[in-house]
Amino acid sequence: MSLSDGQLPGVHVSNSNDTFPLIPTQGNVEEIQIQNFETVPNVPEAIVIQPTSAPEGYWTDQPPLYNCPPGLEYLATIDQLLIHQKVELLEIITGFETNNKYTIKNILGQKVYYAIEDNDCCTRNCCGPLRPFDMKIFDNFRNEVIHLYRPFACQGCCFPCCMQTIEISSPPGTVIGTVEEEWKCIGWKFAVKNEFKETVLRINGPCCPISCFSDVNFYITSADGETNLGKITKQWTGLVREMFTDADNFGITFPIDLDIKTKALLLGACFLIDFMFFERASNN
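Residues numbered from 1 in each chain as written. Predicted model: local features only at pLDDT ≥ 70, side-chain atom pairs only at ≥ 80, totals over all residues. Heavy atoms only, no water.

Participant: I would appreciate a short explanation of the pattern of salt bridges in the present structure.
Facilitator: Should the charged atoms of two oppositely charged side chains come close, the side chains can pair. According to the stated counting rule, one finds 8 salt bridges in the structure shown. Arg131 is paired through a salt bridge with Glu117; the nearest N and O atoms lie 2.8 Å apart. Highlighted residues: Arg131 in the loop between helix 2 (121-127) and strand 8 (133-138) and Glu117 in strand 7 (residues 111-118), separated in sequence by 14 residues. Classification of Arg131 by relative accessible area gives buried; the value is 0%. Residue classification places Glu117 among the buried positions, given a relative accessible area of 1%. Shared partners join several salt bridges into a network, and the residues in it are Glu117, Arg131 and Glu279. (Salt bridge = Lys/Arg side-chain N within 4 Å of Asp/Glu carboxyl O. Helix = DSSP H or I, 4+ residues; strand = E, 2+ residues; numbered from the N terminus. Buried < 20%, exposed > 50% of the residue type's maximum accessible area, 1.4 Å probe, protein only.)

Participant: Just to check I follow, could you spell out the confidence of the model for the chain for this structure?
Facilitator: Interpreting fine coordinate detail is not advised for predicted regions of low pLDDT. Of all residues in the chain, 68% have pLDDT values of 70 or greater, and the mean over the chain is 78. Within the model, pLDDT remains below 50 along residues 10-53, and this stretch shows 55 contacts once partners closer than five positions in the same chain are excluded. (pLDDT = per-residue confidence, 0-100. Contact = heavy atoms within 4.5 Å.)

Participant: Mind showing me how you'd approach the sheet that holds strand 10 (residues 165-169) here?
Facilitator: Sheets are built from strands paired through backbone hydrogen bonds, the pairs being either parallel or antiparallel. Taken in spatial order, the 12 strands of this closed barrel run 5-6-7-8-9-10-11-12-13-14-15-16, and their pairing is antiparallel. Strand-to-strand, the axes of this sheet are offset by a mean angle of 20°, without reference to chain direction. (Pairing = 2+ DSSP bridges. Axes fitted to C-alpha atoms, helices over the stretch in contact; angles between N-to-C directions.)

Participant: Please explain the pairing of strand 8 as it appears in this structure.
Facilitator: Within a regular beta strand, the side chains point alternately toward one face of the sheet and then the other, so they alternate between its two faces. In this sheet, strand 8 lies alongside strand 7 in antiparallel orientation, the contact comprising 5 bridges. From the neighbouring strand, Ala115 faces strand 8, where its bridge partner is Ile137. With 6 bridges connecting them, strand 8 and strand 9 (residues 144-150) associate as antiparallel partners. The residue of strand 9 that forms the bridge with Phe133 is Arg150.

Participant: Where do I start with the nonpolar core in this structure?
Facilitator: Looking at soluble globular proteins, one finds that nonpolar side chains tend to be buried together. Counting 49 residues, the largest nonpolar core has Ile83, Ile137, Ile203, Ile232 and Phe271 as the members making the most contacts within it. With 14 residues, helix 4 (residues 260-278) is the single largest residue contributor to this core. (Core = buried A, V, L, I, M, F, W, Y, C linked by side-chain atoms within 4.5 Å.)

Participant: Please clarify how the environment of Thr165 should be interpreted in this entry.
Facilitator: Looking at where Thr165 falls in the secondary structure, it is placed in strand 10. Its relative accessible area of 23% is what places Thr165 among the partly exposed residues. For the pair Thr165 and Ala269, spaced 104 residues apart in sequence, the C-alpha separation works out to 8.9 Å. Not counting residues within four places of it along the chain, the set of residues in contact with Thr165 comprises Tyr149, Arg150, Pro151, Thr178, Val179, Glu180 and Leu272.

Participant: Is there a simple way to explain the pairing of strand 9 in this structure?
Facilitator: Within strand 9, 5 of the 7 residues are buried, leaving the element largely enclosed by the surrounding structure. Counted along the chain from strand 8 to the antiparallel partner strand 9, the turn is 5 residues long, and its residue Arg142 has a positive phi close to 65°. As judged from the 3 bridges shared by strand 9 and strand 10, these two strands associate in the antiparallel manner. Within strand 10, the position partnered with Tyr149 by the bridge is Glu167.

Participant: So what exactly am I meant to see when it comes to the packing of aromatic side chains here?
Facilitator: The way to describe two aromatic rings as a pair is by their centre distance and the angle between their planes. Scanning the entire structure with this criterion turns up 7 aromatic pairs. Here Trp188 and Phe277 contribute two aromatic rings whose centre-to-centre distance is 4.9 Å and whose plane-to-plane angle is 70°, an arrangement assigned as edge-to-face. Taken together, the residues span a long stretch of sequence, with Trp188 in strand 12 (residues 188-194) and Phe277 in helix 4 at a distance of 89 residues. For the pair shown, Trp188 and Phe277 are each scored as buried. Grouping aromatic residues by their ring pairs yields a cluster made of Trp188, Phe218, Phe250, Phe277 and Phe278. (Phe/Tyr/Trp six-rings, centres within 6.5 Å; stacked < 30°, edge-to-face > 60°.)

Participant: Explain helix 4 here, please?
Facilitator: Along an α-helix, residues three or four apart share an orientation, since each turn contains 3.6 residues. The end-to-end C-alpha separation of helix 4 is 27 Å, in line with the 27 Å expected for 19 residues at 1.5 Å each. Taken across its 19 residues, helix 4 has 18 buried, putting it largely inside the fold. Its side-chain oxygen 3.1 Å from the backbone nitrogen of Lys261, Asp259 forms the N-cap of helix 4. (Expected span 1.5 Å × (residues − 1). Polar contact = N/O pair within 3.5 Å; in protein donor to acceptor, adjacent residues only side chain to side chain.)

Participant: Where do I start with the side chain of Thr221 in this structure?
Facilitator: Along the chain, Thr221 turns up in strand 14 (residues 216-222). Take Thr221: its relative accessible area is 4%, and that puts it in the buried class. If we skip the residues at most four places from it in the chain, Thr221 touches Leu201, Arg202, Asn204, Thr227, Asn228 and Leu229.

Structure (structure tokens):
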């Protein structure tokens with residue numbers, strides 16, 4: 001293989017009779033030995049990572065996407081989220097209800113977002129799991145990317161006029177949809193609606209959503225209920241943790257090509273399900 005006298009700069013050419021593609025060099029780089037060839041540069045695989053000072057173990061790769069709420073770009077690349085509620089020592093010792101805090105991770109355990117309940121002491125301890133709340137979800141740069149609002153409403157199949165609902169905004173102040181409980185005599189059902197009040201998905205829960213030595217699944221289906229698309233799973237965390245705390249772990253699975261805003265709505269649905277079925281009153 002040969003080149004004219006005007007050899008391209010920054011290109012390493014082998015003197016071997018074997019033929020292989022030209023490899024561009026980048027200053028002082030490590031060199032590796034390839035069998036049957038001369039020494040060639042070890043060119044690292046190209047990656048695109050947004051500059052950040054986030055601590056180790058936090059996900060920071062957020063490529064920009066068109067028509068996507070800022071801070072939600074990463075949701076386009078995944079089909080699963082893990083939500084871990086922080087165990088509050090003060091609640092365990094005193095029974096005093098504190099604001100819930102959650103870590104949201106990807107399947108590799110990297111912290112993608114974290115969520116903090118914003119509520120006052122009186123509401124938390126007087127209204128218990130029925131309490132209204134604001135939930136702020138932040139990215140690893142401490143920017144609020146999703147805001148959840150749950151109004152106060154009675155709960156139970158005997159009150160079809162007082163169904164549970166949660167409103168999801170991203171960015172905060174821009175409503176992208178709601179998750180609304182639908183009346184059902186046996187079992188639990190939710191409608192996932194976009195900003196135009198159109199039902200895009202449905203969530204169907206078990207008749208008795210009690211976590212007892214096993215996971216509890218809420219299945220995500222298409223709007224007509226014909227196609228299963230994923231599930232929200234309340235994970236069994238062990239006898240001691242289940243008995244003495246209300247700190248729960250959840251998993252959400254959905255199609256990777258699902259609309260980004262709809263993925264955010266499912267994240268909001270997970271918090272509504274947690275408060276409805278798995279958040280115990282402090283006096284219990």
